[in-house]
Amino acid sequence: MGASVGFGRYDIAVIGAGIVGLAVARALQKLRPHDRIGVFDKESTVAAHQTGHNSGVIHAGIYYKPGSLKARLCVQGVRQMKAFCAEHGIPVDECGKVIVATHESEVPRLHLLLQRGNENGVPGLRLITSEELREIEPHASGIQAIHSPGTAIVNFAAVAAALANDLRAAGVELQLGAGLIGGKEEGGEVVLETTRGTSRAKLVVTCAGLYADRVARLLGEQPPVQIVPFRGEYYQLRPGQNLVRTLIYPVPDPRFPFLGVHFTKRISGEYEAGPNAVLAFAREGYRLTQVHIGELAEALRFSGFRRLLIRHWRTALGELYRSLSKRAFCRALQKLVPEIQPEDLLPGGSGVRAQAVAKDGSLVDDFLLLLRPRIVHVLNAPSPAATASLAIGEYIAAQIAAQQGWPSSTLTTAG
Ligand SMILES: Cc1cc2nc3c(=O)[nH]c(=O)nc-3n(C[C@H](O)[C@H](O)[C@H](O)COP(=O)(O)OP(=O)(O)OC[C@H]3O[C@@H](n4cnc5c(N)ncnc54)[C@H](O)[C@@H]3O)c2cc1C
């Protein structure tokens, strides 16, 4: 931690240097090129949390409720993300993906997904037979599937690094290792207390991921949701395996916003299986053994978390069991690729999803923003927020521009 020197006054401060915070800073910098803008993060690097620990899939926009922010910003974000990567020489593999129904009972949901994807304007979606599935994925087993040719893979940490470089080049100050620990509105400004001193800003956008609710509370907000961390654990597929070529997903359980354990190809050429969705005992609990008593107690005090547990305890225990038992994890994968064996699965990494939960115990499905006159809080930005990040940034900048009466013609998002 550096000396407590302070940073002076900013026109705009963004809290959080994950892909969403960086994209918000980018859109605001385009809109207000003469403003002094700072991005603050408690970590010493950008993309230290969700942005650097995910599946790396540029989602096409199939799953999301038509008209929702997720649906609109994902479909728009895909185009922007692919264009950004092309401009910056960041490798993208348009490998496509299949969503596979393995049982008759899943077929109606598969058809609904196709309908959703088409309504959302996802290009090229096609229902395919089991024979066509085998042409794309010779070892996958299913009775019907959706083929999404536009789904792609990328390294979102590389995207974040490129965004950070662009921001620095445009004069935006990245204040890393400066965690927000307090703040308040005072004299028409927001006072920001950080671990490296105090700063002031006329406008603040918080994009704090796993600490989104906590950061909102630090700035005097009473957020209507609390973040519940769900760890996603991966296995790496044995190098040289030939069971998976691209991305193979199951038909998801409609009760949860998670996509179910699946197979993914990484842009590095490796293959992974996962992620599951295990309740984590710490917000940044990347391993099962990581327990943060204070955060656990805070979660248990929240009525929404208790209701969630009461409603879904069976699923939560099942996920925990699958986290502990490689065989159980492998059984879930065998539904998609019957030949996969526990020996094919090597230890992999993990990520923790920041999922907002409402007081009634429901998982907040859509992206959630809270727009106040001086502070905008991003309270829920789970998957596909990495895919949609550039569109989310422009959307937030357009909302702020409308509120502040700034012209916003440089943005592609229309409010
Ligand atoms: C396992 C997993 C798989 C996923 N797969 C995909 C995928 O394939 N495709 C996709 O589109 N999305 C995927 N996602 C979702 C995606 O990673 C997130 O939606 C996205 O990264 C959110 O970005 P963010 O900037 O909001 O959050 P983060 O990347 O978590 O950034 C938040 C930042 O805020 C900082 N911060 C927190 N508190 C403070 C504080 N007090 N002061 C200063 N800074 C603070 C943190 O250090 C962090 O850097 C996945 C997520 C996970 C976990």
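Just so it is clear, the model here is predicted, and its values are computed rather than measured. Counting from 1, residues in each chain are numbered in the order their sequence is written. For this predicted model, a pLDDT threshold of at least 70 governs which residues receive local features, and a threshold of 80 or more governs which side-chain atom pairs are given and counted, while totals over whole chains, interfaces and linings are taken from all residues. To get the side-chain values, all heavy atoms of the structure are used, and hydrogens and water are removed first.

### Focus on the domain arrangement of the chain
Domain parsing of the chain yields domain 1 (1-94 + 151-224 + 366-415) and domain 2 (95-150 + 227-358). Residues are treated as being in contact if the distance between any of their heavy atoms lies within 4.5 Å. The interface of domain 1 with domain 2 comprises 43 residues on the first partner and 42 residues on the second. In short, buried area is how much 1.4 Å probe accessible area vanishes from two parts on joining, totalled over both. Of the roughly 3,400 Å² buried at the junction of domain 1 and domain 2 (both faces included), carbon and sulfur atoms supply 52%. Per-residue buried area on domain 1 facing domain 2 is highest for Ile 62, Tyr 63 and Leu 210; these three make up 24% of the total on that side. When a carboxyl oxygen of Asp or Glu lies within 4 Å of a side-chain nitrogen of Lys or Arg, that pair is called a salt bridge. Applying the counting rule to domain 1 against domain 2 returns six salt bridges. Among the ionic pairs, Lys 42 bridges to Glu 284, the shortest N-O distance being 2.6 Å. Polar contact is defined as a pair of N or O atoms within 3.5 Å, subject to the rule that within protein one atom must be able to donate a hydrogen and the other to accept it, and that residues adjacent in sequence are counted only when both atoms are side-chain atoms. Across the domain 1-domain 2 interface, the total number found is 24 residue pairs in polar contact (both at pLDDT 80 or more). Each helix is a run of DSSP H or I of at least 4 residues and each strand a run of E of at least 2, with the numbering of both proceeding from the N terminus. Only α2 (69-88), β7 (152-153), α6 (212-218) and β19 (375-380) provide two or more residues apiece to the side of domain 1 that touches domain 2. Only Asp, Glu, Lys and Arg are considered charged in this grouping, and only Ala, Val, Leu, Ile, Met, Phe, Trp, Tyr, Cys and Pro are considered nonpolar; every other residue, Gly among them, is considered polar. Of the residues assigned to the side of domain 1 that touches domain 2, the class counts are 20 nonpolar, 13 polar and ten charged. As annotated, the domain borders come from an automatic or database domain assignment.

### Topic: unusual backbone geometry
Here Gly 274 and Pro 275 are connected by a cis peptide whose omega angle stands at -10 degrees. Mapped onto the elements of the fold, Pro 275 is located in the loop between β15 (271-274) and β16 (278-279). Look at the link from Ser 383 to Pro 384: it is a cis peptide, with omega at 10 degrees. Tracing the backbone through its elements, the reader meets Pro 384 in the loop between β19 and α10 (385-404). In the Ramachandran plot, Ala 47 falls in the positive-phi region, its phi being about 60 degrees despite a non-glycine side chain. Following the sequence through the fold, Ala 47 ends up in the loop between β2 (37-41) and β3 (57-58).

### A short note on the nonpolar core
Buried residues of nine kinds, namely Ala, Val, Leu, Ile, Met, Phe, Trp, Tyr and Cys, make up a nonpolar core once their side-chain atoms join them within 4.5 Å. Burial classification: accessible surface area is computed with a 1.4 Å probe over protein chains only, and a residue below 20% of its type maximum counts as buried, one above 50% as exposed, and the rest as partly exposed. Leu 22, Leu 28, Val 46, Ile 99, Val 159 and Ile 396 are the most contacted members of the largest nonpolar core, which totals 79 residues. Each of domain 1 (1-94 + 151-224 + 366-415) and domain 2 (95-150 + 227-358) accounts for three or more of the residues forming this core. Filtering out sequence-adjacent residues up to four positions away, Val 46 remains in contact with Ala 17, Leu 22, Ala 160, Ala 161, Ala 164, Leu 174 and Leu 176. By size, the runner-up hydrophobic cluster in this structure holds 30 residues, among which are Ala 13, Ala 178, Leu 180 and Ala 208.

### Points about the site of the ligand
By convention in these notes, a residue is near a molecule or strand provided one of its non-hydrogen atoms lies within 4 Å of it. The environment of the ligand is made up of 38 residues, and the closest members are Asp 41, Thr 51, Leu 180, Ala 381 and Thr 387. Between Ala 381 and the ligand, the recorded distance is 2.7 Å, taken from a backbone N or O atom to an oxygen atom. At 2.7 Å, a side-chain N or O of Thr 387 approaches an oxygen atom of the ligand. Accessible surface area values rest on a Shrake-Rupley calculation with a 1.4 Å probe, where residue burial reflects the displayed protein chains alone. Across the complex, the protein chains shield 97% of the 1,000 Å² of accessible surface that the ligand would expose by itself.

### Regarding the environment of Glu 193
Turning to its location among the elements, Glu 193 is positioned in strand β10 (residues 189-194). Residue classification places Glu 193 among the partly exposed positions, given a relative accessible area of 36%. Along the primary structure Glu 193 and Gly 150 are separated by 43 residues, whereas in three dimensions their C-alpha atoms are 44 Å apart. Excluding residues within four positions of it along the chain, Glu 193 makes contact with Gly 179, Leu 180, Ile 181, Gly 182, Gly 183 and Thr 198.

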